[in-house]
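Next come the chains, spelled out residue by residue.
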Amino acid sequence: MKRCIAVSLVLIVLLCAQATTYAQDEEPTPVGTTWQWVGYQSMDDSTIAPENPAMYLLTLNEDGTLNVTADCNVGGGVYALEGSGVTIEVQTLTRALCLPESLSEDYLRLLGDVVSYVIEDGDLYLALMMDAGIMQFTPLAFPTDVTWQWESYESEAISLTVKTPENLLLTLDSTDGTAYMTLDCNRGNAEYVLDGDSLTFGEMEVTEVGCPSDAGYDFQLYLGRVRAFAVVDDRLELYTRGGTMTFSRADE
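I will try to describe carefully the structure that is included in this document. Since the structure is predicted, the reported quantities are computational estimates derived from the model, not experimental observations.

### Observations regarding the side chain of Glu237
Looking at the element boundaries, Glu237 is found in strand 18 (residues 235–239). Despite its burial, Glu237 pairs with no opposite charge, the nearest such side chain being Arg235 at 8.6 Å. Side-chain polar atoms of Glu237 contact the side chain of Tyr239, separated by 2.6 Å. Ignoring sequence-local partners within four residues, the contact set of Glu237 consists of Ala228, Phe229, Ala230, Val232, Thr244, Met245 and Thr246.

Next comes the structure, spelled out in structure tokens:
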């Protein structure tokens, strides 16, 4: 990653020196994509890299607002985009106490110093004022074509630990846009839609075998309520409007 950032650093410095302004419809922009922070390199070659990039997210919305995830906190704000210039202002943020090794303060401080951007080979590079350094981001992508087993569900009202995770499986097939599910003694499928960090499932087609437990029913119920996702410490988290479904890789 360090070599990649260094190469792009040279590229961005050259672009800034040219002072070229692009029309928004001619060049790719960072708007509408959920980006995960993978690292920072300063001009003195010092680096910062989060252990879990999916905990440090940035989404620039079409209406000029932004969403940000900074480790254990989430927030919002505004941004201004003009040509290759961009400024970012985080205005609201939750106040949870993150672990001591968190990079949330560094992340937010760096975002506040951003002055320009470039998108190269699908990655986003944000340059800081005074040529201080470069933040590198990659698009947040759902890990499709992986079989996940359901481990638990947590909400304010419910704390559920799955007794037989191997019987409750989920795979999102990237080739046909279909989610395939094992629901205890039944099988199911549904179309899915991924957009940034949002994830929704369409109407599910499920067999109707009578199973000895209600686990498959619960699995189907909560999947139907999913609205977003994140990958945290190699665990998949699916967020409903009121809780979190947690999955592990079935091949672990």
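### Focus: the nonpolar core
Membership of the largest hydrophobic core comes to 31 residues, with the highest contact counts inside it found for Leu170, Phe201, Phe219, Leu223, Leu238, Met245 and Phe247. Among the elements that take part in this core, helix 3 (residues 215–223) stands out by supplying four residues, more than any other. Not counting residues up to four positions away in its chain, the partners in contact with Phe219 are Trp150, Leu168, Leu169, Leu170, Met181, Thr182, Leu183, Met245 and Phe247. With 29 residues, the next largest nonpolar core counts Tyr56, Leu58, Ile88 and Ala230 among its residues.

### Side note on the pattern of salt bridges
Applying the stated criterion across every chain, the model contains one salt bridge. Arg109 is the partner of Asp106 in a salt bridge, and the nearest nitrogen-oxygen pair spans 3.2 Å. On the criterion of helical spacing, the pair formed by Asp106 and Arg109 is a turn pair, its members being three residues apart in helix 2 (residues 104–112). You can call Asp106 partly exposed: its relative accessible area is 25%. You can call Arg109 partly exposed: its relative accessible area is 45%.

### Focus: the state of the cysteines
Using the criterion set out here, one finds two disulfides in the structure. Shown here is the disulfide that connects Cys185 with Cys211, its sulfur atoms set 1.8 Å apart. Here Cys185 and Cys211 share a disulfide; its torsion about the S-S bond, -105°, makes the bridge left-handed. A residue pair is termed long-range when its members are at least 10 positions apart, and Cys185 in the loop between strand 13 (178–183) and strand 14 (186–195) and Cys211 in the loop between strand 16 (205–206) and helix 3 qualify at 26 residues.

Conventions used here
- Residues numbered from 1 in each chain as written.
- Predicted model: local features only at pLDDT ≥ 70, side-chain atom pairs only at ≥ 80, totals over all residues.
- Heavy atoms only, no water.
- Helix = DSSP H or I, 4+ residues; strand = E, 2+ residues; numbered from the N terminus.
- Buried < 20%, exposed > 50% of the residue type's maximum accessible area, 1.4 Å probe, protein only.
- Lys, Arg positive; Asp, Glu negative; His and termini not counted.
- Salt bridge = Lys/Arg side-chain N within 4 Å of Asp/Glu carboxyl O.
- Polar contact = N/O pair within 3.5 Å; in protein donor to acceptor, adjacent residues only side chain to side chain.
- Contact = heavy atoms within 4.5 Å.
- Core = buried A, V, L, I, M, F, W, Y, C linked by side-chain atoms within 4.5 Å.
- Disulfide = S-S within 2.5 Å.

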